[in-house]
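Below are the chains, spelled out letter by letter.
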Number of protein chains: 2
Amino acid sequence: MLERIRIVLIGTSHPGNIGATARAMHNMGLADLSLVAPRCEPITAESVSRASGADHLVHAARVVGTLEEAVADCTLTVGASARSRTLPWPMLSPREVGDRLPAELVEPDARVALVFGREDSGLTNAELQRCHAHVHIPTNPDFSSLNLAAAVQVLAYECRQAWLTSEPADTDEPTNPDQVLASHAELEHYFAHLERTLVAIGFHDPAKPRQLMARLRRFTLRARPERMELNILRGILTETEKLAPPRDD
Amino acid sequence: MLERIRIVLIGTSHPGNIGATARAMHNMGLADLSLVAPRCEPITAESVSRASGADHLVHAARVVGTLEEAVADCTLTVGASARSRTLPWPMLSPREVGDRLPAELVEPDARVALVFGREDSGLTNAELQRCHAHVHIPTNPDFSSLNLAAAVQVLAYECRQAWLTSEPADTDEPTNPDQVLASHAELEHYFAHLERTLVAIGFHDPAKPRQLMARLRRFTLRARPERMELNILRGILTETEKLAPPRDD
């Protein structure tokens, strides 16, 4: 699914942003980058440095003259936009974009483009009107200028989330023996041992319970103890009991 | 809610990453930045330039020497981590962190810290074991090294999402004193007391730690102890210590 999501950058000015975009994409498993009329040389020392190991995406980027060319084969085109425009367009949150992707990409020929505008002025109205929908990343209204690569990062992250949650979960993973939860019976043995020990060291008087055991139960059960953890706790109780003074009876 | 979420960067090497972190935070409405033992000068031309208008967060950042100081007043501490460690810890996705925030921050004194490690080596095991939970940003397994500011961007984005979608909290309900969560500092006092006691009763040999304290930390932190519960546990330790044999020295 991820290989059929294209990131399109229009009129980018800073090579560093192209490199950082490549890094953000590769981190999230995206690989298809198109640059529309970049206003800088895409492959520079800075873009390669900021790509930080993902510069193969910069080298493989398709450079075209118009948005039309970049998205010609796409079945869904979503443009990143600051909030409301004169003519309201279907507006999605990044999460809603992610939520739509699995259904949008069922067909093998389907392609989705996520389109990002210029660092200084975003997408033009003409470009936005070529998109099926707009996506707005909710930001602090007092400081809404997201860095271009940061905006790509957020959308790419939502793409990967959507992909991860749409894949059937891998159920073959063996259980770590460390992580076997204690059974109810094991827990009750532990609580009996705990109470016995607290009585022995003089901390607890069952005649004046004051909800002590109830509080310790609530605390312990909240943690959902694993078997190995209970074994450690019982080991501590055993050592403690050895130190307790002999009983009167 | 957002003003009570702290971003903690440990051992950052590049001023540009501090600036870009400030920008990502301010974009999403976060303002509380702490730097633990930075390995660079935080306020430089590069950090101010990358902050791109959010450099007031860099100037206001608290610089401290240890993670302890940075999160002493925090009621929930979440450390960013690459996937599995030797000792598995409760692992959250960025979305799960966001989902938990509204409930975690109901109390006015509650504070959440999101802790990020060094660019080259992340957080140490000791640092991770001071956290209640870990957060892993799902990335391409072949290229998982997220830029530091990009990782902050993703988490800050989820914080803002959670805030935007959360219901206004009911603030009329008086706090039950029984339910005040223990702070980080209180927890660390407890762990120090616990370790001292386990040594005194001969259960624990710090020369052969065998992950004992790590396992007890994990268990305890998972339960999110309330202050009153910690008081009970410390009371038990105090009684136990009285029974321990005198030390040789």
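Per an unreviewed UniProt entry, the recorded name for chain A is tRNA (cytidine/uridine-2'-O-)-methyltransferase TrmJ, and the organism is Halomonas icarae. On record in UniProt, under Subcellular location (unreviewed entry), the comment for chain A is "Cytoplasm". The annotation that UniProt attaches to chain A under Subunit (unreviewed entry) is "Homodimer."

Caption draft 1: Inspection of empty space enclosed by the protein at higher detail. Under the definition given, this model contains one cavity of 30 Å³ or more. By volume, the largest cavity amounts to about 380 Å³. Residue lining of the largest cavity: 23 residues in total, with Tyr190(A), Leu233(A), Ile236(A), Tyr190(B) and Leu233(B) positioned closest to the centre. For the lining of the largest cavity, a count of residues per class yields 17 nonpolar, six polar and no charged.

Caption draft 2: Inspection of the domain arrangement of chain A at higher detail. Its domain assignment divides chain A into domain 1 (2–166) and domain 2 (177–243). Each of domain 1 of chain A and domain 2 of chain A has a C-alpha centre, and these two points are 54 Å apart.

Caption draft 3: The arrangement of the interface of chain B and chain A in detail. Tallying the contact residues gives 58 residues for chain B and 58 residues for chain A. Buried surface at the junction of chain B and chain A, summed over both partners, amounts to about 5,000 Å²; 61% is from carbon and sulfur atoms. On inspection of chain B and its partner chain A, the count reaches 26 residue pairs in polar contact (both at pLDDT 80 or more). Taken together, the elements giving at least two residues each to the side of chain B that touches chain A come down to α1 (15–27), α2 (45–51), α5 (94–104), α7 (148–165), α9 (212–222) and α10 (227–243) of chain B. Top contributing element to the side of chain B that touches chain A by residue count: α10(B), with nine residues. Of the residues that constitute the side of chain B that touches chain A, the class distribution is 30 nonpolar, 15 polar and 13 charged.

Caption draft 4: Looking closely at the side chain of Glu229(A). Within the fold, Glu229(A) resides in helix α10 (residues 227–243). Under the relative-accessibility criterion, Glu229(A) is labelled buried at 3%. Reaching out from Glu229(A), the side chain makes a polar contact with the side chain of Arg218(B) at a distance of 3.4 Å. Ignoring anything within four residues of it in the chain, the contact list for Glu229(A) reads Arg215(B), Arg218(B), Phe219(B) and Arg222(B).

Here is what the cut-offs are and how they apply
- Residues numbered from 1 in each chain as written.
- Chains lettered and ligands numbered in written order.
- Predicted model: local features only at pLDDT ≥ 70, side-chain atom pairs only at ≥ 80, totals over all residues.
- Heavy atoms only, no water.
- UniProt positions renumbered as here; feature names shortened; annotations may be inferred.
- 1 Å grid on protein atoms, 1.4 Å probe; cavity = no way out; pocket = protein on both sides within 12 Å on 5 of 7 lines; lining within 4 Å.
- Points joined across faces, edges and corners; volume = space filled by probe spheres on them.
- Nonpolar A, V, L, I, M, F, W, Y, C, P; charged D, E, K, R; others polar.
- Domains from an automatic or database assignment.
- Contact = heavy atoms within 4.5 Å.
- Buried area = accessible area lost by both parts, 1.4 Å probe.
- Polar contact = N/O pair within 3.5 Å; in protein donor to acceptor, adjacent residues only side chain to side chain.
- Helix = DSSP H or I, 4+ residues; strand = E, 2+ residues; numbered from the N terminus.
- Buried < 20%, exposed > 50% of the residue type's maximum accessible area, 1.4 Å probe, protein only.

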